[in-house]
Amino acid sequence: MTTPAAPPIPAVSTANLTRVYGAMTALDTLNLTVNRGDLFGFIGSNGAGKTTTLRILATFLTPTTGTAFVFGHDVVAAPNEVRRILGYMPDFFGVYKDMEVTEYLDFFGACYKLPAAKREQTVKDVLELVGLSEKRGSLIGALSRGMQQRLGLARVLIHDPQILLLDEPASGLDPRARIEMMAVLQELQRMGKTIIISSHILSELETLCNRVAIIERGKLIYAGSVQGMEQKHGGRIYLVKLAADSEKAAELLRTRKEIAEATALDGHVKVTLAGADVDASLIAETLVPAGFRLLELREEEVGLEEVFLRVTKGETQ
Amino acid sequence: MTFAPVLIREFREEARRPANRWVRVGVAALLATIFCVLISTGPQAGRASGDYVFPKLHALLFGAIWLVVPVMTADCISRERREGTLGLLFLTPLTPTGVVIGKSALQIIRALTLVLAAMPMLAGCFALGGVTWFDFGASLLINLTSLFLALSAGMLASALSREWPRALAAAIVFSGVGLFGLLASFVVPVYRGPSGALFRSSPFGAFSWALNYCSDANSDWSRMAAAATAAQLSSAMTGFAVRLLAAVAIFGFVLVVAGLAVRHAAQESPPSPFQLWLRKIFCEPLWLLRLFRALTRRKLDAAPLSWLQQRSWNARLTKWGWCLGLVVVETVLITFFSLHDFLGAQAVAGAALLFGISLSSAGSYRVERQNGVLELLLVTPMSEGELIRSRIWNVWLQFLPATAVFVFAVLAADSVLPNSFETAALLQYFGIIAATMPFVGLYFALRTKHFITAWVCTFGFSFALPLSISVVTSWSVQGLALPLFLSFMLSVVLLARAQGTLTARRFLLHTP
């Protein structure tokens, strides 16, 4: 008889993770699991608890209560093991402006105790990966914001970590630099790295991440796939184009309990169905017998931003 | 010219700093303690000892003004440049001179609190007897003159610098120039007069006399008040007042120059080709480049944090600059002074070295806290203990060459003029303080927001406190045991607390 294989250890798992600062609870019993190889989006308003979570996972902060494991290592009991396999990029640069690019990476390589013989090649490789090879001899102070951000990413990669924690890596970047940064992250995911990325730019997370979590006031609101989230919280929205009287049509639609919301907009009516079991034909069945002429009926795509606005209340701490 | 918004903002910021209150209370308490100690240990304890206490208090205040005021003022404008707020101020109707005046007004008030804190004690000397109005007037005028010159040094350094270590170094150099100018104003009239033969034969002796006269170290004013006629006293007082007016004029001139420098600094520009050329010629290694690189690479492999702290030419300049400076001073002393004075001057050299160590210790990991690198270092496999050990080791290493010169000079002087007590006391005191100061400095550097507060606490706890205890317990080899033991214990406690601060991340984080 063969014993069933043990489930793989998740990249990150937290249980009832709580962090209190004085009277403020920054993290409130957070239970989160990130699988190996995930590109995981961590979403929340300012002050929601994203940075606190990342700092705890990076072993920079200790939780008040609860536990957090990174690849099976407890962040409190075995911080050194965690630090060796984890790369943390905070939401600031953390650079010496009077240092050269290679010097900076060489220094952090030495801090991670990489042997000197290996370090030179590693520095070259990570600079190539983030597209900074041409700037290797430049002073950091002379680099643009986008380049400094990429240098931060190169620093994170210097010790070849299995998991990357990136706090707002694309903030303040111009569109081109942002697209390039996202491409680098996708390349890293292809290389098998697990990436947790906190960001406000939800449209990018939507296409980039395979799983997301939404956090508000330190509490986890949702964790799962992007599609699952849109199905669960998105509802279905239809745009109805009418020949006339869109205001009256919206009024009529609102009388149906299967319709959550109906709003008239420039000759259109935006209709949100209340449940997954309700069919779009209900709209036609309601409007046509009442004498309205339907010119067009189409489903509108619900994005992550729309879902985020629906599930969060915009509360900050 | 508008400067009120800057002044109001500066006042508000000052009022919000809780450390300020404690520093003021601490300074007043320290002065009161010294006052009581001096009364109780004076030659005529309890009666008519005002003439014994007054000169010592004045000397203390005089020294404190030259030491503390430039350091306190050095970062007032340079901080705005570093934080990028200076340019924003000039988008408003404020003028550079207005900004400088607004900033300087607060610095004047801060500096005056030093004088005000000492006033009750100085006035108390009247009650004890033996102090004349001439003593009091001379002390007030000399201290105010010093205060304006020291403020000028700090403001000018701050306007010309961006980084605080550079501002601090410039402030110390400028204040040295200011003190030299003040002393010269006393030396020159005598030097040119009929009784200037002695000064002409020994210019250093002349400046030593001027320093003693300004600090009233030999109670010259009391003797003068007793022996001189009213006209002579009036003439001397007029001389002091003229020097004060000159100091105020210099301060005004410095404000104008600082305004111009600030106007220029607001438009940040990259270094010119000439500056780059100078840097290449004087700050970068030209010969044995391969050997230099191999050595630095080896250091990086063995101790990355040591490499970090010694990588810049600034750090190397500081290390060897102290050594070279001390060699020059010792050479000058041995050439122009008697051997007895040479040995006596070693206490001043040791104090200067400790002053340098205190500055370096109080600046521990300050840059790393500001730019966020400390946070990044704490998520590498390096432990908090490694960070602490590395920093302390580096402060010691930085001052090792200068310390070797100092110890050699003391021992050399002792071999010619044996004075086992002075030598033993000096070396014991210097050794323990130099060894423990980096621990104290590191703790305060991590726990305080501003460098000045960290430095004042470091210098106060590791240098002034043991010295005060030594004075109380009388200056003897046995008397040194208690303060030095306390210094050692304090450093052990603060080392543990520094470790706790880093582990619990209780240090103030940078503001992005």
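Residues numbered from 1 in each chain as written. Chains lettered and ligands numbered in written order. Predicted model: local features only at pLDDT ≥ 70, side-chain atom pairs only at ≥ 80, totals over all residues. Heavy atoms only, no water.

Novice: Quick question: what am I supposed to make of the packing of helix α6 (residues 96-128) of chain B against helix α7 (residues 133-160) of chain B here?
Specialist: Between two packed helices, what matters for the description is the angle formed by their axes and the separation of those axes. Residues and elements named next belong to chain B. It is the contact of α6 with α7, at a shortest axis distance of 10 Å, that shows an interaxial angle of 155°. Comparing the axis directions of α6 and α7 gives the class roughly antiparallel. Handedness of the α6/α7 crossing: right-handed. Along its contact with α6, which presents V100, K103, S104, Q107, I108, A111, L112, V115, M119, L122, A123 and F126, the element α7 presents W133, F136, S139, L140, L144, L147, F148, L151 and M155. When the residues that make up the contact of α6 with α7 are grouped by side-chain class, the tally is 17 nonpolar, three polar and one charged. (Axes fitted to C-alpha atoms, helices over the stretch in contact; angles between N-to-C directions. Helix = DSSP H or I, 4+ residues; strand = E, 2+ residues; numbered from the N terminus. Parallel < 35°, antiparallel > 145°, perpendicular 65-115°, else oblique. Left-handed = near helix turned anticlockwise from the far one by under 90°. Contact = heavy atoms within 4.5 Å. Nonpolar A, V, L, I, M, F, W, Y, C, P; charged D, E, K, R; others polar.)

Novice: What am I meant to see in the nonpolar core here?
Specialist: Nonpolar side chains tend to gather and get buried jointly when the protein is soluble and globular. Core analysis: the largest hydrophobic core is formed by 144 residues, its most contacted members being A:V70 and A:I196. In terms of residue count, helix α21 (residues 420-447) of chain B provides more of this core than any other element does, 12 residues in total. In this structure, B:V69, B:A118, B:A225 and B:L244 belong to the second largest nonpolar core, which totals 66 residues. (Core = buried A, V, L, I, M, F, W, Y, C linked by side-chain atoms within 4.5 Å. Buried < 20%, exposed > 50% of the residue type's maximum accessible area, 1.4 Å probe, protein only.)

Novice: Explanation requested: the packing of helix α5 (residues 145-157) of chain A against helix α6 (residues 175-190) of chain A in the structure shown.
Specialist: Residues and elements named next belong to chain A. Look at α5 against α6: their axes get within 11 Å of each other, and the N-to-C directions meet at 15°. The orientation of α5 with respect to α6, classified from their angle, is roughly parallel. Once α5 is placed against α6, the crossing between them reads as right-handed. Residues Q149, R150, L153 and L157 of α5 form the contact with α6, whose participating residues are E180, M181, V184, L185 and L188. Split into classes, the residues belonging to the contact of α5 with α6 amount to six nonpolar, one polar and two charged.

Novice: Can you help me understand the interface of chain B and chain A in this one?
Specialist: Accessible area lost when the parts come together is the quantity often used to give the size of an interface. Listed as interface residues are 28 residues of chain B and, on the opposing side, 30 residues of chain A. Across the interface of chain B and chain A, roughly 2,600 Å² is buried in total on both sides, 61% from carbon and sulfur atoms. There are five salt bridges connecting chain B and chain A. Among the secondary structure elements, those contributing two or more residues to the side of chain B that touches chain A are α14 (289-302), α15 (304-310), α18 (366-371), α19 (373-377) and α20 (384-416) of chain B. Class assignment for the residues of the side of chain B that touches chain A results in 16 nonpolar, four polar and eight charged. (Buried area = accessible area lost by both parts, 1.4 Å probe. Salt bridge = Lys/Arg side-chain N within 4 Å of Asp/Glu carboxyl O.)

Novice: Got a minute to help me understand the sheet that holds strand β3 (residues 39-43) of chain A in this structure?
Specialist: Through backbone hydrogen bonds, the strands of a sheet pair up, either in parallel or in antiparallel fashion. Residue and element names in this part refer to chain A. Strands sit in the order β6-β7-β8-β3-β9-β10 across an open sheet of six strands; the sheet is mixed. Edge strands, defined here as strands with exactly one partner in the open sheet, are β6 (86-89) and β10 (219-225). In this sheet, adjacent strand axes meet at a mean angle of 15° when their direction is disregarded. Pairing of strand β7 (residues 163-167) with strand β8 (residues 194-198) involves five bridges; the strand directions are parallel. Counted as the bridge partner of L164 is I195 from β8. (Pairing = 2+ DSSP bridges.)

Novice: Is there a simple way to think about the side chain of A:R211 in this case?
Specialist: Residue and element names in this part refer to chain A. Mapped onto the fold, R211 is located in strand β9 (residues 211-216). A relative accessible area of 18% means that R211 is categorised as buried. Engagement of the side chain of R211 in a polar contact is seen with the side chain of D38, the distance being 3.1 Å. Excluding its chain neighbours within four sequence positions, the residues that come into contact with R211 are T33, V34, N35, D38, L39, F40, G41, G224 and S225. (Polar contact = N/O pair within 3.5 Å; in protein donor to acceptor, adjacent residues only side chain to side chain.)

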